[in-house]
2 protein chains.
Amino acid sequence: MDPKLGRMMLKEWVAIESDSVQPVPRFRQELFRMMAMAADTLQRLGARVASVDMGPQQLPNGQSLPIPPVILAELGSDPTKGTVCFYGHLDVQPADRGDGWLTDPYVLTEVEGKLYGRGATDNKGPVLAWINAVSAFRALEQDLPVNIKFIIEGMEEAGSVALEELVEKEKDRFFSGVDYIVISDNLWISQRKPAITYGTRGNSYFTVEVKCRDQDFHSGTFGGILHEPMADLVALLGSLVDSSGHILVPGIYDEVAPLTEEEINTYKAIHLDLEEYRNSSRVEKFLFDTKEEILMHLWRYPSLSIHGIEGAFDEPGAKTVIPGRVIGKFSIRLVPHMNVSVVEKQVTRHLEDVFSKRNSSNKMVVSMTLGLHPWIANINDTQYLAAKRAIRTVFGTEPDMIRDGSTIPIAEMFQEIVHKSVVLIPLGAVDDGEHSQNEKINRWNYIEGTKLFAAFFLEMAQLH
Amino acid sequence: MDPKLGRMMLKEWVAIESDSVQPVPRFRQELFRMMAMAADTLQRLGARVASVDMGPQQLPNGQSLPIPPVILAELGSDPTKGTVCFYGHLDVQPADRGDGWLTDPYVLTEVEGKLYGRGATDNKGPVLAWINAVSAFRALEQDLPVNIKFIIEGMEEAGSVALEELVEKEKDRFFSGVDYIVISDNLWISQRKPAITYGTRGNSYFTVEVKCRDQDFHSGTFGGILHEPMADLVALLGSLVDSSGHILVPGIYDEVAPLTEEEINTYKAIHLDLEEYRNSSRVEKFLFDTKEEILMHLWRYPSLSIHGIEGAFDEPGAKTVIPGRVIGKFSIRLVPHMNVSVVEKQVTRHLEDVFSKRNSSNKMVVSMTLGLHPWIANINDTQYLAAKRAIRTVFGTEPDMIRDGSTIPIAEMFQEIVHKSVVLIPLGAVDDGEHSQNEKINRWNYIEGTKLFAAFFLEMAQLH
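For chain A, the name recorded in an unreviewed UniProt entry is CNDP1 isoform 1, with Pongo abelii as its organism. Under the Subunit (unreviewed entry) heading, UniProt states for chain A: "Homodimer."

Encoded structure:
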């Protein structure tokens, strides 16, 4: 694989303004062009390619826009080989030169070994690295060591609209022969050391509404004689977590997986410069002082965050209002083996307890508006071992075995629906700035990532 | 005084769209026309009238509009008589037929004894009642029993722009001979029983900012390792008031005036239908069950209301943000003899105590952004006795001796700057709907109010 050719293709792909977030016809046309270009590339590699019509997207304003097709592609169907399916997306976050981009976001620009451009690392670069790896075998006229499938979408940044239905439908067709699923849509936690991601936290999002009446009151006219909804709500939200970050909902830690010796060792092995991490986060002091504690509390322990309040006075200035109806919002990041519906019951019961002790005449309603399971893989699965060996071969180091504190819904979705082993093999460095201005992928990461995927195919063939 | 003539004048005044809230040239012109018409009316009564140029009002958008003149008028300067100064305003709140008005807000319309129209009760009707009372003496060719002064403005609903500077300037000129100041710009607390208002609460408005950094965080990426500003803020706000409405700031009740037997009796004498009050407020249950407790907690005890939070997630939907910097807002309604700057110290010290116990690495800043003193008059002042007697004469009943839970800055301003006895003699009924759609004054209130002011002049002459 010629690195120049790889860079040219990335330049061509980045030039397409495939923004799925802003629902306007212009960007939607760009998305269709993007998907057609990718389908064409895969066809020229010899893949059987299906561009699946995804129907229309209904917008909140009543209008609709066509959803770009999802590409399902297959290369090889040798039953003696393992079959690896690669998931990627070619849509991007919005980017506007005026927002602080130093170069045109849609012109891939190399500065000191960094390739700047919207989508360079999220996710056009990694998708191309995988394609480059395949085309390297083609260029050398070698058989592919594994059967390869691609599922590539164009709506990830907009919430993977309609993808779940497609995966469900293709569960026993396209996915039936798939042994392993690889996603490369996150980042290392270091600038130089590769990583493999084997778990993400889930999330349960709660609203708690406290209502006296629908209208607000004037605090001069009613202050002093009301059970004020804000006083109730502040007490409810204040009962959730203590100042050390410990969640106060009874029973919430009961199902958290016990910490094993082996797991502690994986944390010890991870390189994390705490000083640099604190500086780049612009946080004076974290709740914990050691690398291990910090990583564990981001990845393997639940956390509770209070996001805000709807219905109260939220603007600058001084308004003497007693809000009549307020909605508090908070969420708990879930870890193995917490169960979404158990957490829902525990939180609801706890808030009901706290509220009943207040003897308030207001009405309280607790709702869980979102429940996403945590995801964790078995790091002794074949593809984890293959990925580790490939990293050793290409980078000469052991990977950081990491998790993600956020939810990556796509990983959880494949795990839940397709029931195949899922691995996340990120290619980008921690400072790539996905979703930010001046997104980039390092030329080194892009080239070594291509090599890594090629080595991964070979290791998979050996281990399968 | 011919009631038909009085109604005609009110109709003429209500027809002027003297909206001071919407800063547009059209309404400003109407305000100038309104003030000119009032000046003309007073001149025809024989008053010496000065229309004081108030200069321009600077708008937030950088433009400016002229402030309507303030009318200073004088009728009589007999040094053997007492001098009563009447304050009123002729500007109104915005009114739009489409907002739920059943009749044109600028066409005074009588329906079953109620005179509907914007400004009918707030404050054009009461200003005219005072003028009608004066003109009754003129019509009967009787000497006025007291010297009368008028200060009438056109910017009250916009915050009495520039008025304080004028009062300060006129302290030793226009106000030097004034013995008593009468304001008639609030309402009874009953539909049929007159009232005299002798006090208002003050207000101290606080912001408490908690900051980790200026940008927000993602709760997946940082949840679990931060001292989250919202957790700190919710704890701070939750430490202010308990579920029974009791303020938890140490020392806050120390200077609250002790409750006297005489005061208890004034509350007992007030007519308040609790059932009707609860229904019209659409509140299921108040903190207190008796009329006396409710009135005392609105008027003579402080209250604390939490208004909201700036900087957190306040919109519909589910956003997994950890706000980096949040500002909580609350205010304490102050009562005699609480002192604004003592309260500021107490609140600041309390919040600092609570915050320091959390060992948070965030920064907290407490600010008092507004401090308005409570106002209370001596109800044994001459003009209070005169007003009571006049009410007995005209209505055949004792008045409700009431206070206002809100601040009426104008009363406090006259008290502070001019140091003269201030009384609030409302004319309108509790259901007049000032600031609302379908504002009205009852024909009965308007006519009896005119009589009341005439009787008040006579009583003042006797008692002075």
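Picking up after the structure, the text goes on.
A separate point is the packing of aromatic side chains. A complete count under the given rule lists 36 aromatic pairs over all chains for this structure. On the numbers, 6.4 Å between centres and 55° between planes, the contact of Trp130 of chain B with Phe456 of chain B is tilted. With Trp130 of chain B in helix α3 (residues 120-139) and Phe456 of chain B in helix α13 (residues 443-463), the pair connects residues that are 326 residues apart, well separated along the chain. By relative accessible area, Trp130 of chain B is classed as buried at 0%. An aromatic cluster is defined as three or more aromatic residues linked by ring pairs; in this entry it consists of Phe86, Trp130, Phe137, Phe150, Phe453, Phe456 and Phe457 of chain A. The ring of Tyr301 of chain A carries Arg300 of chain A above its face, with NZ or CZ at 5.0 Å from the centroid.

With that settled, the discussion passes to the sheet that holds strand β20 (residues 440-442) of chain B. Residues and elements named next belong to chain B. Read across the sheet, three strands follow the order β6-β7-β20 without closing on themselves; strand pairing throughout is antiparallel. A strand with exactly one partner marks an edge of an open sheet, and here the two such strands are β6 (109-111) and β20. Between one strand axis and the next, the sheet turns through 25° on average, direction left out of account. As judged from the three bridges shared by β6 and strand β7 (residues 114-116), these two strands associate in the antiparallel manner. When the sheet's bridge partners are listed, Val111 is paired in β7 with Lys114.

All names here are of chain A. Counting buried positions along strand β18 (residues 400-404) gives five out of five residues, so the element sits mostly inside the fold. The alternating pattern of β18 places Asp400, Ile402 and Asp404 and Met401 and Arg403 on opposite faces, both of which are buried. Relative to β18, strand β10 (residues 195-200) is paired through five bridges, and the arrangement is parallel. Its bridge partner being in β18, Gly199 is matched across the sheet by Arg403.

Applying the stated criterion to the full structure yields 52 salt bridges over all chains. Here Glu168 of chain B and Lys171 of chain B are joined by a salt bridge, their closest N and O atoms 3.5 Å apart. Among the residues examined, Glu168 of chain B registers a relative accessible area of 41% and is labelled partly exposed. Residue classification places Lys171 of chain B among the partly exposed residues on the basis of a relative accessible area of 29%. For Asp214 of chain B, the salt bridge goes to Lys211 of chain B, with nearest N and O atoms at 3.4 Å. By relative accessible area, Asp214 of chain B is classed as exposed at 52%. Connected through salt bridges with shared partners, the residues Arg7, Glu110 and Arg443 of chain A form a single ionic network.

Bringing unusual backbone geometry into the picture now. For residues other than glycine, phi is negative in most cases, and the peptide bonds are mostly trans. Of the consecutive residues Asp122 of chain A and Asn123 of chain A, the connecting peptide bond is found in the cis state with omega at 10°. For Asn123 of chain A, the location among the structural elements is in helix α3 (residues 120-139). Each neighbour pair has its own omega, and for Pro336 of chain A with His337 of chain A the value is 0°, a cis peptide bond. Take His337 of chain A: it is sitting in the loop between β15 (325-334) and α10 (340-357). A positive phi is found at Asn359 of chain B, a non-glycine position, where the angle reads about 50°. Checked against the element boundaries, Asn359 of chain B lands in the loop between α10 (340-357) and β16 (363-372). Relative accessible area serves as the criterion here: at 61%, Asn359 of chain B is assigned to the exposed category.

All names here are of chain A. Taken from the UniProt record, the annotation "active site" (unreviewed entry) applies to Asp91 and Glu156. Spatial clustering of the annotated residues is evident: they stretch over 66 residues in sequence, but the largest pairwise C-alpha distance comes to 6.6 Å. Note that Asp91 resides in the loop between β5 (83-89) and β6 (109-111). Apart from the residues within four sequence positions on either side, Asp91 is in contact with Ser18, Ser20, Leu31, Asp122, Glu153, Gly154, Met155, Glu156, Glu157 and Ala158. Polar side-chain contacts of Asp91 include one of 2.8 Å to the backbone nitrogen of Glu156.

The rules we used
Residues numbered from 1 in each chain as written. Chains lettered and ligands numbered in written order. Predicted model: local features only at pLDDT ≥ 70, side-chain atom pairs only at ≥ 80, totals over all residues. Heavy atoms only, no water. UniProt positions renumbered as here; feature names shortened; annotations may be inferred. Phe/Tyr/Trp six-rings, centres within 6.5 Å; stacked < 30°, edge-to-face > 60°. Helix = DSSP H or I, 4+ residues; strand = E, 2+ residues; numbered from the N terminus. Buried < 20%, exposed > 50% of the residue type's maximum accessible area, 1.4 Å probe, protein only. Lys NZ or Arg CZ within 6 Å of the ring centre and 35° of its normal. Pairing = 2+ DSSP bridges. Axes fitted to C-alpha atoms, helices over the stretch in contact; angles between N-to-C directions. Salt bridge = Lys/Arg side-chain N within 4 Å of Asp/Glu carboxyl O. Contact = heavy atoms within 4.5 Å. Polar contact = N/O pair within 3.5 Å; in protein donor to acceptor, adjacent residues only side chain to side chain.

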